[in-house]
Amino acid sequence: MATTTKPTPIDWRARAAELQFDGRALIGGQRVAAASGETFDCVSPIDARVLTKVARGRGPDVDAAVASARQAFDDGRWSGKPPAVRKKVLQRFSELILGAKEELALLETLDVGKPIRDVHLIDIPMAIEAIAWYAEAADKLYDEVAPTGHDVVAMVTREPMGVVGVVLPWNFPLMLACWKIGPALVAGNTVVIKPAEQSPLTAIRLAELALEAGMPPGVINVVPGFGPTAGKALGLHPDVDALTFTGSGEIGKMFMAYAAQSNMKRVSLECGGKSPNIIFADAPDIDTAARNAAFGIFYNQGEVCAAGSRLVVQESIKDEVLEKVIGWARKMQPGDPLDPKSRAGAIVSLEQTERICGYIAKGSQQGARLALGGKQVLTQTGGFYIEPTIFDGVAGDMTIAREEIFGPVLCILPYDTEEEAIRVANDTPYGLSSYVFGDTHEHANKVGRRIRAGNVHLNGASLDVCGSFGGYKQSGLGREWGAFGFEEFLEVKSVFGADPNAKAGGLF
Ligand code: NAD
Ligand code: MN
């Protein structure tokens with residue numbers, strides 16, 4: 001008789017105690033300290049412990065990294081390789097990420113406080129998926145021949161842009177790095193990554209794995225540092241051809257200004273949202289809708305750009321939905337992020353915790369009714385944790401209904417008619433994502449069509465890198481994922497060729 005043995009659960013605490021950190025930058029294939037010798041503390045929000053010192057890059061470090069990326073681009077050591085060769089390197093890269101998944105998961109959890117369970121379920125698989133998808137696509141995209149007359153042939157080709165600056169946020173550091181560098185690198189560009197100061201560790205490790213996979217030195221560089229110094233230097237750099245950013249709208253707009261003040265580099269932005277989750281009274285399964293509503297805002301402690309932070313629910317079922325959402329929310333109380341049973345972890349930093357608490361206070365001041373939570377918890381750990389928080393009776397003009405809180409705070413906005421639901425859903429400067437629960441797919445789809453957002457999820461949420469991701473309105477510029485993700489990092493060139501022996505060639 002066959003016996004089944006359960007795999008021994010991993011003791012993440014013990015693993016964490018053995019983990020080695022190296023916070024140096026990676027420039028031109030070398031691990032280096034900042035030119036100034038400065039470092040900053042890499043803090044874990046789990047217990048406010050300093051994990052390691054990280055190189056504090058500034059202008060000169062960004063200059064060195066861009067120079068290295070420029071040289072690597074210009075000499076063709078990467079861009080000059082056939083796409084099939086880049087494909088193999090990227091495929092190997094995705095395999096190495098898989099091989100290092102436990103180390104990467106641990107680094108991510110320690111650095112940003114998200115539950116280790118979620119890193120394994122979502123961040124790592126989605127990171128690998130993105131690299132593997134783009135690797136596979138490398139030699140499957142064809143250029144075009146334009147429909148000119150017979151005496152001229154026009155080839156429409158796509159070429160890499162050159163040096164791409166990648167500025168990252170702290171909520172999904174590893175996964176978002178891969179969403180960006182996957183298409184940028186496969187297309188033949190070279191990159192300089194500036195991770196968020198709250199979460200530098202996985203980007204550095206990722207770049208080491210890329211080198212190990214056979215990516216030539218200089219193709220991928222990482223300069224940790226702060227936004228107003230390192231981030232700004234990258235944004236203003238005259239030799240950076242494209243800049244891809246994920247983070248707040250305020251800083252996203254600065255990157256547009258940096259581009260305007262420097263070399264008109266192409267800027268693509270993913271700037272978060274205030275995404276509506278509409279539930280109609282005739283949705284057949286209110287419990288599933290409520291579960292989705294709770295996970296949609298409390299997953300990753302609400303530090304999710306596409307979080308369904310506004311629950312737009314029909315008045316007749318509001319109390320029933322609220323009660324069920326509260327039930328699911330209670331299952332998402334924060335716990336030790338290193339415990340695989342924890343469904344929510346720590347807020348990334350003290351600063352972000354204070355921001356969120358400020359919003360919670362404002363919600364009460366402006367007259368919303370606190371239906372659940374609202375407090376900081378687990379303070380004995382020294383870390384930063386906020387319980388799932390729900391405000392009922394939120395009016396559309398309240399601050400908590402308009403601004404991105406980026407924490408575990410759900411706002412309930414009741415409505416009566418379908419027209420009102422659509423108006424409320426669209427009453428936001430953002431347009432990243434949206435969720436609709438209706439009685440039929442057709443009904444949900446009809447409503448989804450009228451929502452001004454880059455993503456619409458009908459009757460449940462899903463993520464698939466072969467779709468598109470990005471926002472309408474002030475949620476950003478451009479799209480990630482799939483073939484759309486490539487476009488951000490490619491120039492289009494038409495090569496017109498005439499027959500030199502033809503009697504009258506060309507315009508002149
Ligand atoms: P942020 O926009 O300030 O930081 C994002 C990145 O930009 C970081 O790498 C940072 O170092 C860099 N940066 C900051 N200031 C800069 C400057 N002056 N010039 C150049 N680069 C600069 O985001 P944050 O401070 O980490 O979070 C603030 C708010 O942003 C959050 O509360 C949330 O609302 C939003 N946010 C959104 C996302 C998202 O995925 N859309 C991610 C993180 C944060
Ligand atoms: Mn950190």
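Read on for an overview of the structure. Given the structure is predicted, the values throughout are model-derived calculations rather than measurements.

### Quick look at the overall build of the protein
- Check the secondary structure of the protein and you find 16 helices and 22 strands.
- Computed over the C-alpha atoms, the radius of gyration of the protein is 24 Å, within 12% of the 23 Å expected from 2.2 N^0.38 for a compact globule of 508 residues.
- C-alpha atoms of the protein, sized along the principal axes, occupy 80 × 65 × 55 Å.
- Relative to its 508 residues, the protein shows a buried fraction of 54%.
- Total accessible area computed for the protein in this model is approximately 21,100 Å², and 54% of it derives from carbon and sulfur atoms.
- For the protein, the distance from the average position of its 51 positive side-chain charges to the average position of its 61 negative side-chain charges is 1 Å.

### Digging into the sheet that holds strand 14 (residues 369–372)
- Taken in spatial order, the seven strands of this open sheet run 14-17-18-13-12-19-20, and their pairing is mixed. The open sheet has two edge strands with one neighbour each: strand 14 and strand 20 (457–458).
- Summarising the sheet, strand 12 (residues 276–279) and strand 19 (residues 435–437) pair through three bridges and their orientation is parallel. Its bridge partner being in strand 19, I278 is matched across the sheet by V436.
- Most of the contacts of helix 12 (residues 350–365) go to strand 17 (residues 389–392), to which it runs at about 25°, and overall it touches strand 17 and strand 18 (409–415).

### Notes on the site of ligand 1
- For ligand 1, the set of nearby residues contains 29 residues, the closest of which are W170, K194, E197, S248 and Y258.
- Separating a nitrogen atom of ligand 1 from a side-chain N or O atom of Y258 is a distance of 2.7 Å.
- Listed by contribution, the elements that provide at least two residues to the shell around ligand 1 are helix 8 (227–236), strand 10 (242–246), helix 9 (249–261) and helix 12.
- Within the shell around ligand 1, the residues separate by chemical class into 15 nonpolar, eight polar and six charged.

### Some points on a negative patch on the surface
- Together, D285, D287, E320 and E323 give the surface a local cluster of negative charge.
- Tracing the sequence through the fold places E320 in helix 11 (residues 318–330).
- For E320, a relative accessible area of 38% corresponds to the partly exposed category.

### Side note on the packing of aromatic side chains
- One pass over the full model with this rule turns up twelve aromatic pairs.
- Among the aromatic residues, ring-to-ring pairing joins W133, Y134 and F486 into one connected group.
- Sitting over the ring of F226, R56 keeps its end group 4.3 Å from the ring centre.
- One Lys or Arg, K114, reaches over the ring of F172 and ends 3.7 Å from the middle of that ring.

### Description of the sheet that holds strand 22 (residues 490–498)
- Here three strands make up an open sheet; going across it, the order is 5-6-22 and the pairing antiparallel. The sheet is open, and its two borders are formed by strand 5 (144–146) and strand 22, each paired with just one other strand. Put simply, the sheet's adjacent strands are angled 30° from each other on average, direction ignored.

### Brief notes about the side chain of R205
- Relative to the elements of secondary structure, R205 occurs in helix 7 (residues 201–212).
- The exposure class of R205 is buried, given its relative accessible area of 19%.
- Once residues lying within four places of it in the same chain are set aside, the contact partners of R205 are E103, L104 and L107.

### Concerning the nonpolar core
- In terms of nonpolar packing, the biggest core is built from 111 residues, with F93, I181, I279 and I390 touching the most fellow members.
- Ranked by the residues each element gives to this core, the list is headed by helix 5 (residues 116–137), at eleven residues.
- Core analysis: the next-biggest nonpolar cluster, separate from the first, contains 29 residues, I356, A401, V409 and A444 among them.

### Focus: unusual backbone geometry
- Although it is not a glycine, A48 sits at a positive phi angle of roughly 65°.
- With respect to the helices and strands, the residue A48 is situated in the loop between strand 3 (39–43) and strand 4 (50–55).
- In this structure, Q301 is a non-glycine residue whose phi angle is positive, near 55°.
- In this structure, Q301 sits in the loop between helix 10 (286–298) and strand 13 (310–314).

What counts, and at which threshold
Residues numbered from 1 in each chain as written. Chains lettered and ligands numbered in written order. Predicted model: local features only at pLDDT ≥ 70, side-chain atom pairs only at ≥ 80, totals over all residues. Heavy atoms only, no water. Helix = DSSP H or I, 4+ residues; strand = E, 2+ residues; numbered from the N terminus. Rg over C-alpha atoms; globule rule 2.2 N^0.38 Å. Buried < 20%, exposed > 50% of the residue type's maximum accessible area, 1.4 Å probe, protein only. Areas by Shrake-Rupley, 256 points an atom, 1.4 Å probe, with all protein chains shown as cover. Lys, Arg positive; Asp, Glu negative; His and termini not counted. Charge placed at Lys NZ, Arg CZ, Asp CG, Glu CD. Pairing = 2+ DSSP bridges. Contact = heavy atoms within 4.5 Å. Axes fitted to C-alpha atoms, helices over the stretch in contact; angles between N-to-C directions. Near = heavy atom within 4 Å. Polar contact = N/O pair within 3.5 Å; in protein donor to acceptor, adjacent residues only side chain to side chain. Nonpolar A, V, L, I, M, F, W, Y, C, P; charged D, E, K, R; others polar. Patch = residues over 30% accessible without salt bridge, like charges linked within 9 Å, V, L, I, M, F, W, Y side chains within 5 Å. Salt bridge = Lys/Arg side-chain N within 4 Å of Asp/Glu carboxyl O. Phe/Tyr/Trp six-rings, centres within 6.5 Å; stacked < 30°, edge-to-face > 60°. Lys NZ or Arg CZ within 6 Å of the ring centre and 35° of its normal. Core = buried A, V, L, I, M, F, W, Y, C linked by side-chain atoms within 4.5 Å.

Remember that the coordinates give geometry; whether it matters functionally is a separate question.
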